[in-house]
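# A structural walkthrough
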Amino acid sequence: MCSYNRTSSPSNHRRGWFLLKGAQAKWLHTLYITHAETLYRVAYFRLGDPDRAKDLVHSVFLAAAEKISILQHHENPRAWLLRALNYEISHEFTRLEKERRSLPLEDLAKETPVGQPPSLGLDEILPTQLSSRDREVLLLYYEEGLSYQEMADRLGIPVSTCGTWLLRAKAHCRALLSDAPDFSNER
């Protein structure tokens, strides 16, 4: 996987990031340093394109700069960033689909790799054998970016139980994925 350079902030080509001064600029820079690599990994996993993934992460932080007064008071800025990234990714898929529709059929046949499925969301790539509880816990943690406390509050369980459920869900998912047959070499 490609690595992500967290030390540089997005370019100042949008008004929001450029106009930030003092405490707001420092707060957003800290948020960027803390979460940019995670956002990049999610975008790269979903898109498979390192350059486009970087662009989307920068778009998310430029949107954050424009809404900084709201974001600073948000109960979970990481979740806000992940939702914004999902929004950007969905728009990217829509844009790509429009581009594909405008291609002549012979060009489309050349561009589409045979046997390679399109990128899917986490809910669609989790093993179907997972229990609904395991699926829910994994989605709350990874897609919504909730903390153990937030997950426990939403599920109505103690925090320690939430941690146990998450560990078990991860282990169960890993076991199911490791037991999956490998069809990559079959013809």
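Residues numbered from 1 in each chain as written. Predicted model: local features only at pLDDT ≥ 70, side-chain atom pairs only at ≥ 80, totals over all residues. Heavy atoms only, no water.

## So, the overall build of the protein
We count it as follows: Here a strand is any run of E in DSSP of at least two residues, a helix any run of H or I of at least four, and the numbering for each starts at the N terminus. Only protein chains enter the calculation, and the probe is 1.4 Å; a residue is then buried if its accessible area is under 20% of its type maximum, exposed if over 50%, and partly exposed in between. Per-residue accessibility takes into account occlusion by the displayed protein chains alone, with areas from the Shrake-Rupley method and a 1.4 Å probe.
Each helix and strand counted, the protein has 10 helices and zero strands in total. Counting only residues that meet the buried cut, the protein has 33% of its 187 residues in that class. Approximately 12,000 Å² of the protein is accessible, and the part contributed by carbon and sulfur atoms is 53%.

## Quick word on the pattern of salt bridges
The cut-off we apply is this: What makes a salt bridge here is a side-chain nitrogen of Lys or Arg within 4 Å of a carboxyl oxygen of Asp or Glu, nothing more.
Taken as a whole and judged by the stated rule, the model has five salt bridges. The network of salt bridges with common partners includes R52, D55, E92 and R95.

## A look at the layout of surface pockets
To keep things clear, this is the line we draw: Any residue with an atom within 4 Å of a point lines the site, the site being either a cavity, points on a 1 Å grid over the protein atoms alone where a 1.4 Å probe fits but cannot get out, or a pocket, an open set with protein on both sides within 12 Å along at least 5 of 7 lines. Grid points are joined across faces, edges and corners, and a volume is the space filled by probe spheres set on the points. Under the convention adopted here, Pro, Cys and the residues Ala, Val, Leu, Ile, Met, Phe, Trp and Tyr are nonpolar, Asp, Glu, Lys and Arg are charged, and Gly plus all remaining residues are polar.
The volume enclosed by the second largest pocket comes to roughly 580 Å³. Around the second largest pocket sit 22 residues that line it, and V42, F45, L122, Y142 and E143 are the ones nearest its centre. Of all elements in the fold, only α2 (22-47), α5 (77-102), α7 (122-125), α8 (132-143) and α10 (159-179) reach the threshold of two or more residues within the lining of the second largest pocket. The greatest single-element share of the lining of the second largest pocket, amounting to five residues, is contributed by α2. Of the residues belonging to the lining of the second largest pocket, the class tally is 13 nonpolar, three polar and six charged.

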